Structure formats: structure tokens, C-alpha cells
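Each chain, written out:
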Amino acid sequence: MRAGLLDTRRTATGSRVPGGGYWRRLLPVLAVLVALTRVPSFVRPLWSPDEGYLAVQARILAGGGELYRTVVDRKPPLVPWLYEGAFAVFGSGSLTSVRVLAVVAQLSTAVLLASLARRRWGDRAGRTAGVLYALVSIGLNPEDAQAATFEVFMLPCTAAAMWCADRRRWGAAGAAVACSFLVKQTGAAVLVPVLWLLWHHAESPRRGLLRTGVGVLAPVAAVALLTDPAGLLFWTVTGSGAYASLTGSELHVLGRGLVNAAILAVACAGLIPPVAGALRAGRPGSADLWLWLGSATAAVLTGFHFFGHYYLQLLPPAVLLATAALRAVPRERVSAAVVTSVCCCALFLTWGLLAPRPELAHSQRLAAAVAHRTRPGDRVLVWGIHPETYWLAGRAPATRYLTAGLLTNYSGGRDGPEVGEKYAVEGAWPVFRAELTARPPVLVVDDSRGRPYAPDRVPSLRRLLTAGYEEAGTVDGAVLYTRTDAQD
């Protein structure tokens, strides 16, 4: 592993500052590239149900709610807290603030990768890595690449973990791994290459391992104490057995995985040839980068759902492997890789600007109907997989479970037989029934639209509707039910 030549400049006092001119030139380029590639994220109020889920969570937390108690999700708390903080400063009526933070996250990832590549292989490699990452970072379906969700905020943490490990800063590397995990569980996969670097390059592996362990465990323990330790463990680790099962949806899920892999391959058309050429020539590149890519691939496979945004975790190591491979080729080959990536980026940028969003339009119409039939203080139940309806309507959910997925195991785009009341998260239905009994929703919206979790396949929900509600209208196939009594 070779450090690149330092670009230096002199200050007014004559001291030398490493890299000042280099970064002064590169940072504006990367900032402009990242900002341009993320323009589509600002043209729609929402890109994905994950954004809607986070927005609803943030409003509940801002109103005094507690994560893993009064609102639940299968994710760690850092991104909900990030949304809550952004909403507290800029208001909760728009996601613009968190989209700006997503731009910062992607720029940070590009800069960290550029710094890693420059330290190892020199100035040109640093520029190449930063630019390539900015170009391929949107190389998926726009709802996966442009949404301000978990993977986007996880990537700078994983890159920081490798950046710190590359500099033998083991405690900081462990803390960055912890942040990756606390954004999304699969972020912990970066611990594999970090430990490889520690084992091969630490002056004292035992001391380095101790520092890394403390760096990992201290932030996780602090966050557990700030939330609910048992709830954090259940919702992020032990309570997702049925969700992670592939049974009954094999072809559907594998088809999604292959499609998303093909889309990513198109985005990486400029990266794949140099890496393949290096492998054929017997120049595989740094082992830690392959371990990083391998552990990220295992993270993508975990849970057997293969959503497009999972694949974002592959991009940082793939970019560095391509950068390493391009060092040994003529300059025109480097230019060809960048030009190819520019063309692919333009394709995905156009897709993002022009992509239709029929589900968003449906949610907006449904939210308008909900807002029209209820008052601001009313609680409603939207029985579906689009929690953004609550946020768009400005109405509080009647339960801590924001989607039907947690109560039926439909989460993850599942279309097989393991969907229904008995496949819910353990203990969810008694809590759900108690919440709706204590504070019955003013309005129930059945947004299942023929999917396997429709009320006629969920006895508890069917009984609730039969006992206290009557049909009051439809919106694009979603059925609205109002209370039959006059009480609020």
C-alpha cells in the first residue's frame, strides 16, 4: 500500500500545508457533480415509502413519541433522529432539508473515497475515484437512488470506517462501523475489511482490536440506553425472522434481484471492464477492497429481498477497485471509463427527471380525501404499505405500526403464501387491537387494493370493520370507512 505524493502549498508564514491546492480544485468539482446528479431528488415530494415512513416517524417523535415503543420499525434510530432534527429546524411539511443532507452524505462519501485512493495511489487516482463515485451513485431505479433513506446516509459511515482503518486509527474506525450499523444493520459488514487491515497492519493487533471493539460497542450501548435496549435488540436483530425468510416468494424476489443487478451493471459499465482486465492480467488489487466488496455483497443478500437501494452498498468498494485497475492502463482508457460513466449517469439522471410516479399520485389523492373527511387532531388507520399517506394528509396514525407489513409479513414486496395475521411480528396483534380499542380511529382506509393482506384475509381487521365502521367511499380502489357511532 503506497501513499501518494503530497500536493503542498505555502501559507503566508511559510509553513507547508499538505494537499491544500489539490483539494481546493477537486472539492468544487465533486460538489457540483453530486449536486447535479441529485437534482431529481428535489423535483418530487416523495420518492419511496421509506421516506414516507421516516417522515411519519419524525413527526411522532417530535410530538413526544418514543422509538420502539409508540412507533416502531425494523431499523436502528439514527436516520429517524436525523429526520426529526431536520424537521425541527426547517419544518416537517417538506423533505427538502433531508434531501440536502443526502447531498452532503454523497459528497462526503465521494471525498472519503478520493482521499483513500489518493493516499494509496496518488493524485490522479484520487480525482478518478471521487469523480467515478459521483457519477455512478445514482445508477439505480430513481426511487432507490434518489430517495433520502438509509443506505445514502450509511455510505459515508462505511467509507469513513475504511478511511480511518487505512490510517491505523482503530478506535475511530470502530466508531464509524458503529455509526454504519446504527444507520442500517447491514452497515456492520464493513467491519470485515476493517479487521483485515487491523490484522495485517496494526503495530499491536491486540491493542488495535481492543480500540476497535470499544469504538464499536460504546456508541451502540449509548444509543441503546437512549432508546429502549430490549426494543432496539428486538426490532433491529431478533424480531425479523419471518421477514428474512424467502419461503413462498422465491421467483418473485430472485427476479427483482436480477433486474436490480442488471440495472447496476449498466450504471457501472465504465467500471467493470478495467476490473475484469486487471483480473485477467493477474492484478487483482488490494485484498481489503475485495473483502469490502464481498462483505457488502453478503449484506445485499441478507434478508433475501434484493431491493435496489440495497445495492448502493456495493458502489464504494467497486469504485476503488476500478480506480486501482485504471492505474495500470493508458490515460485514454481512463478517459474512456469516465466518459462511459458520464453517459450512463446522464441516462439515469434523465430517468430520474422523467420517471412517472403513479403510486405517489395515488397517495396524494388518498391523503386529500383523508384530510377532507377528518380534522387535524383525528387519528386514522391506513391499512396499506404506503405510510406517506399519513404525512401527506397531516394526520396521526392510530397505531404504532405504520404499515400492514408489520402485521401481515407483506413487507419486502412478498407475494407468496406466508402473508397473513399469523405471520406478523411477534406480539404485534394484541398491541394493535389494544391501541385501536383504547382510541378507535375516526377513519379507516383499506388501501390493500386486492393484495394478499386485504381485510377479507385478516380476521381481526375484518371484525373491527364489521363491528364499528361503514363504507363511506373509494379513492382509486382504496376503500374509506367511517365510524358508525357519533363519538370522536
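Provided above is the structure to which this section pertains.
This report concerns the structure included in the present document. (Residues numbered from 1 in each chain as written. Predicted model: local features only at pLDDT ≥ 70, side-chain atom pairs only at ≥ 80, totals over all residues. Heavy atoms only, no water.)

1. Let's talk about the overall build of the protein
Then comes step 1: Looking only at helices and strands, the protein features 21 helices and seven strands.
Then comes step 2: Here the C-alpha atoms of the protein give a radius of gyration of 24 Å, agreeing with the 23 Å that 2.2 N^0.38 yields for 488 residues.
Then comes step 3: Taken along its principal axes, the extent of the C-alpha atoms in the protein is 80 × 50 × 50 Å.
Then comes step 4: Across the 488 residues in the protein, those meeting the buried criterion constitute 55%.
Then comes step 5: When contacts within the protein are restricted to residue pairs at least 6 apart in sequence, long-range pairs at least 24 apart make up 75% of them.
Then comes step 6: When the accessible surface of the protein is summed, it comes to about 20,200 Å², and 63% of that surface belongs to carbon and sulfur atoms.
Then comes step 7: Distance from the positive charge centre (48 side chains) to the negative charge centre (32 side chains) of the protein: 13 Å. (Helix = DSSP H or I, 4+ residues; strand = E, 2+ residues; numbered from the N terminus. Rg over C-alpha atoms; globule rule 2.2 N^0.38 Å. Buried < 20%, exposed > 50% of the residue type's maximum accessible area, 1.4 Å probe, protein only. Contact = heavy atoms within 4.5 Å. Areas by Shrake-Rupley, 256 points an atom, 1.4 Å probe, with all protein chains shown as cover. Lys, Arg positive; Asp, Glu negative; His and termini not counted. Charge placed at Lys NZ, Arg CZ, Asp CG, Glu CD.)

2. Regarding the environment of Arg 167
Then comes step 1: Take Arg 167: it is sitting in the loop between helix H7 (150-166) and helix H8 (170-183).
Then comes step 2: Residue Arg 167 is classed as buried on the basis of its relative accessible area, which comes to 18%.
Then comes step 3: C-alpha of Arg 167 to C-alpha of Gly 213: the two residues are 46 residues apart in sequence and 17 Å apart in space.
Then comes step 4: Setting aside residues no more than four positions away along its own chain, Arg 167 makes contact with Ser 115 and Arg 119.

3. Observations regarding the packing of aromatic side chains
Then comes step 1: The tally for this structure, following the rule as stated, stands at ten aromatic pairs.
Then comes step 2: On the numbers, 5.2 Å between centres and 90 degrees between planes, the contact of Tyr 22 with Trp 23 is edge-to-face.
Then comes step 3: Both rings, one in Phe 348 and one in Trp 351, keep their centres 5.9 Å apart while their planes meet at 35 degrees; by these two values the pair is tilted. Placement of the pair is Phe 348 and Trp 351 together in helix H16 (residues 331-354), with a separation of three residues, close to one helical turn.
Then comes step 4: Overall, the relative accessible area of 33% leaves Trp 351 in the partly exposed class.
Then comes step 5: Taken together, Trp 383, Tyr 410, Trp 429, Phe 432 and Tyr 453 form an aromatic cluster joined through their ring pairs.
Then comes step 6: Over the ring of Phe 150 we find Lys 75, and its NZ or CZ is 5.1 Å from the ring centre.
Then comes step 7: Here the basic side chain of Arg 118 rests over the ring of Tyr 22, its NZ or CZ set 3.9 Å away from the ring centre. (Phe/Tyr/Trp six-rings, centres within 6.5 Å; stacked < 30°, edge-to-face > 60°. Lys NZ or Arg CZ within 6 Å of the ring centre and 35° of its normal.)

4. Topic: unusual backbone geometry
Then comes step 1: Residue Arg 449 is not a glycine yet carries a positive backbone phi of 50 degrees.
Then comes step 2: With respect to the helices and strands, the residue Arg 449 is situated in the loop between strand S5 (443-446) and helix H21 (459-468).
Then comes step 3: For Arg 449, a relative accessible area of 26% gives the class partly exposed.
Then comes step 4: In the Ramachandran plot, Asp 476 falls in the positive-phi region, its phi being about 50 degrees despite a non-glycine side chain.
Then comes step 5: Structurally, Asp 476 is set in the loop between strand S6 (469-475) and strand S7 (478-483).

5. Concerning the environment of Leu 46
Then comes step 1: Mapped onto the elements, Leu 46 comes out in the loop between helix H1 (20-37) and helix H2 (49-62).
Then comes step 2: Residue Leu 46 is classed as buried on the basis of its relative accessible area of 2%.
Then comes step 3: When the C-alpha atoms of Leu 46 and Arg 357 are compared, they prove to be 9.3 Å apart, with 311 residues separating the residues in sequence.
Then comes step 4: Residues in contact with Leu 46, not counting those within four places in the same chain, are Glu 51, Gly 52, Leu 95, Arg 99, Arg 357, Leu 360, Glu 388, Trp 391 and Leu 392.

6. Considering the environment of Cys 268
Then comes step 1: Position of Cys 268 among the secondary structure elements: in the loop between helix H12 (250-267) and helix H13 (272-280).
Then comes step 2: For the pair Cys 268 and Leu 132, spaced 136 residues apart in sequence, the C-alpha to C-alpha distance is 9.4 Å.

7. Digging into the sheet that holds strand S3 (residues 379-383)
Then comes step 1: Pairing in this open sheet of five strands is mixed, and the strands run S4-S3-S5-S7-S6 from one edge to the other. Each edge of the open sheet carries a strand with a single partner, namely strand S4 (396-397) and S6. (Pairing = 2+ DSSP bridges.)

8. Looking at the pairing of S5
Then comes step 1: Every second residue of S5 is oriented toward a common face, with Leu 443 and Val 445 on one face and Val 444 and Asp 446 on the other, all of them buried.
Then comes step 2: With four bridges joining them, S3 and S5 adopt parallel strand pairing. By the bridge assignment, Leu 381 is partnered in S5 with Val 444.
Then comes step 3: Relative to S7, S5 runs antiparallel, the two sharing four bridges. Following the sheet pairing, Val 444 is matched in S7 by Tyr 481.

9. A closer look at the side chain of Glu 51
Then comes step 1: Along the chain, the position of Glu 51 falls in helix H2.
Then comes step 2: On the basis of relative accessible area, Glu 51 is assigned to the buried category, the value being 0%.
Then comes step 3: At a separation of 2.8 Å, a polar atom in the side chain of Glu 51 contacts the main-chain amide nitrogen of Ala 148.
Then comes step 4: Not counting residues within four places of it along the chain, the set of residues in contact with Glu 51 comprises Leu 46, Tyr 83, Leu 95, Arg 99, Ala 147, Ala 148 and Thr 149. (Polar contact = N/O pair within 3.5 Å; in protein donor to acceptor, adjacent residues only side chain to side chain.)

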